[in-house]
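Here is how the chains run, residue by residue.
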Amino acid sequence: MSTDTAPVPRSSTELLLRPRQLRELVRGVSWLRDLDDEQLEALLEDSKVCTLKTREWLFCQDAPAEWLYIVVSGAVRLVRSAGDGRLATIRCVERGGTLGELSMVSSAGVYLYSAEALRRTHVLTIPATRCRAIIDHQPACRAEFMSQLVLELTERLEDMALLTQANAMARLASYLMRQLPTGFIRGPRVVRLTIPKRWLAAQLAMTPETLSRLLARLREEGIINIDRQRVVILDEQKLRHHMLSDD
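Residue indices begin from 1 for each chain and proceed along its sequence in written order. The predicted nature of this model means local features are confined to residues of pLDDT at least 70 and side-chain atom pairs, given and counted, to a pLDDT of 80 or more, with totals for whole chains, interfaces and linings taken over all residues. No hydrogens and no water enter the side-chain calculation; it runs on all heavy atoms of the structure.

**Description of the UniProt feature "domain: Cyclic nucleotide-binding" (unreviewed entry) in the protein chain**
Alright, step 1. UniProt positions are given in the numbering used here, feature names are shortened, and annotations may be inferred rather than shown by experiment. Here the UniProt-annotated "domain: Cyclic nucleotide-binding" (unreviewed entry) positions come out as residues 31-134.
Alright, step 2. The helix and strand labels rest on DSSP assignments: H or I over at least four residues marks a helix, E over at least two residues marks a strand, and numbering proceeds from the N terminus. Each end of residues 31-134 is marked by a C-alpha atom, and these two atoms are 9 Å apart; helix forms 19% of the span and strand 39%.

**Regarding the side chain of His242**
Alright, step 1. Mapping His242 onto the fold places it in helix H10 (residues 236-244).
Alright, step 2. Any pair of N or O atoms that falls within 3.5 Å is considered a polar contact. Within protein, one atom must be able to donate a hydrogen and the other to accept it, and sequence-neighbouring residues count only if both atoms are side-chain atoms. A polar contact is formed between the side chain of His242 and the side chain of Glu221, at a distance of 2.8 Å.
Alright, step 3. Apart from residues no more than four positions distant in its own chain, His242 is found in contact with Met169, Ala170, Ala173, Arg217, Leu218, Glu221 and Ile223. Whether two residues are in contact is decided by their heavy atoms: any pair within 4.5 Å suffices.

**Comments concerning helix H9 (residues 208-220)**
Note: α-helices contain 3.6 residues per turn, so residues at a spacing of three or four share the same orientation.
Alright, step 1. Look at H9: 18 Å from first C-alpha to last across 13 residues, which is about the 18 Å you get at 1.5 Å a residue.
Alright, step 2. Summarising the contacts, the buried residues of H9 are in contact with helix H7 (168-179), helix H8 (197-203), strand E10 (224-227) and H10.
Alright, step 3. Of the residues one or two after H9, Gly222 is the one with positive phi, at around 75°. Helix span, as expected, comes to 1.5 Å for every residue beyond the first.

**Overview of the sheet that holds strand E7 (residues 114-117)**
Alright, step 1. The sheet built from four strands is open, its strands ordered E2-E7-E4-E5 with antiparallel pairing. The strands lining the two open edges of the sheet, one partner per strand, are strand E2 (57-59) and strand E5 (87-93). Sheet twist, expressed as the average angle between the axes of neighbouring strands with direction ignored, equals 30°.
Alright, step 2. Pairing between two strands requires that DSSP report at least two bridges joining them. Where strand E4 (residues 76-81) meets E5, six bridges bridge the pair, whose relative direction is antiparallel. Note that in E5 the partner of Leu78 across the bridge is Arg91. Note on geometry: axes are C-alpha line fits, over the in-contact stretch for helices, and angles between N-to-C directions span 0 to 180 degrees.

**Points about the nonpolar core**
Alright, step 1. Within the largest apolar cluster, 28 residues are counted, with the highest numbers of intra-cluster contacts made by Leu172, Leu176, Leu211, Leu218 and Leu239.
Alright, step 2. Listed by contribution, the elements that provide at least two residues to this core are H7, H8, H9 and strand E11 (230-233).
Alright, step 3. Sort the elements by how many residues they give to this core and H7 lands first, with seven residues.
Alright, step 4. The start and end points of each domain follow an automatic or database-based domain assignment. Both domains that furnish three or more residues to this core are identified here as domain 1 (19-158) and domain 2 (165-244).
Alright, step 5. As used here, the term nonpolar core means buried Ala, Val, Leu, Ile, Met, Phe, Trp, Tyr and Cys residues forming a set that is joined through side-chain atoms within 4.5 Å. Only protein chains enter the area calculation, which uses a 1.4 Å probe; residues under 20% of their type maximum are buried, those over 50% are exposed, and those in between are partly exposed. Listed in part, the 24 residues of the second largest apolar core include Val26, Leu68, Cys131 and Ile134.

**Examining helix H2 (residues 19-27)**
Alright, step 1. Every buried residue of H2 is listed here: Gln21, Leu22, Leu25 and Val26. Buried residues of H2 fall within an arc of 140° about the axis and therefore sit on the same side. The arc in question is the one spanned by the directions pointing from the helix axis to the C-beta atoms.

**Comments concerning unusual backbone geometry**
Alright, step 1. Backbone geometry at Asp62 places phi at a positive 80°, although glycine is not the residue there.
Alright, step 2. If you trace the backbone, Asp62 turns up in the loop between E2 and strand E3 (67-73).
Alright, step 3. For Asp62, a relative accessible area of 55% corresponds to the exposed category.
Alright, step 4. Even without a glycine there, the phi angle at Arg228 is positive, about 60°.

**Looking at the environment of Gln39**
Alright, step 1. Checked against the element boundaries, Gln39 lands in helix H3 (residues 37-45).
Alright, step 2. Since its relative accessible area comes to 30%, Gln39 is described here as partly exposed.
Alright, step 3. In this structure the C-alpha to C-alpha distance between Gln39 and Arg198, which are 159 residues apart in sequence, comes to 41 Å.

**Regarding the sheet that holds strand E9 (residues 189-192)**
Whether parallel or antiparallel, the strands of a sheet pair through hydrogen bonds between backbone atoms.
Alright, step 1. Read across the open sheet, the three strands follow the order E9-E11-E10; overall the sheet is antiparallel. Strands with a single pairing partner mark the edges of an open sheet, and in this sheet they are E9 and E10. With direction set aside, neighbouring strand axes in the sheet form an average angle of 25°.
Alright, step 2. As judged from the four bridges shared by E9 and E11, these two strands associate in the antiparallel manner. Within E11, the residue paired with Arg192 across the bridge is Arg230.

**Structural notes on the pairing of E4**
The two faces of a sheet get side chains in turn, since along a regular strand they alternate between them.
Alright, step 1. Once E4 ends, the chain turns through five residues before running back antiparallel as E5, passing Gly85 with a positive phi of about 95°.
Alright, step 2. Relative to E7, E4 runs antiparallel, the two sharing four bridges. In the strand pairing of E7, Val76 is matched with Ala117.

In structure tokens, the structure reads:
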């Protein structure tokens with residue numbers, strides 16, 4: 001007599017693509033968190049998972065914004081083309097992060113930046129029309145969506161101020177402070193540097209060599225400890241001082 005058993009996933013990525021994990025991923029987006037089970041299932045029925053190769057573009061700036069994306073695995077770099085044709089790195093997005101939200105409220109209806117996979121990446125693709133319908137008809141989702149946009153714009157304004165007014169060390173210290181986990185945590189807090197250093201350096205408007213030198217300086221001063229991709233913050237007060245310093 002045989003019994004039906006669920007297939008064993010062959011990899012951690014395969015596990016992340018299971019329906020239960022995808023439902024949890026969507027609920028991790030703050031403005032989609034309050035969808036009931038029926039609404040969530042309807043949203044997932046219209047969605048699909050896409051796979052990107054390393055350095056493949058997910059979408060390009062000024063293309064029609066037809067989809068909202070949630071990163072399932074991997075990492076995506078957001079870049080915007082400057083007037084002189086150079087690409088400016090805005091930030092990098094990893095698992096649970098969303099792409100294309102700002103474009104959903106743009107009157108032009110186009111993506112405001114381009115998105116490039118930094119390594120093999122899976123994204124959940126959701127029709128933008130479905131997301132707009134949720135925002136239009138559910139006040140709680142709309143309020144949370146607007147709250148997230150305000151937070152996003154505030155962070156980008158802070159980035160602009162740092163790039164134009166602060167030195168390289170202040171930019172790095174500010175980045176580390178913003179990556180710290182919130183809430184009470186026993187012992188030192190940890191920042192995980194899971195994106196390649198060259199892209200983090202580009203995001204912070206410095207060379208990879210400068211980034212490595214500044215991290216080494218913070219380690220020598222006893223402010224951080226580095227263990228592969230883990231940056232352990234040993235002295236948050238001194239790190240904050242570097243963030244506010246003009247030296």
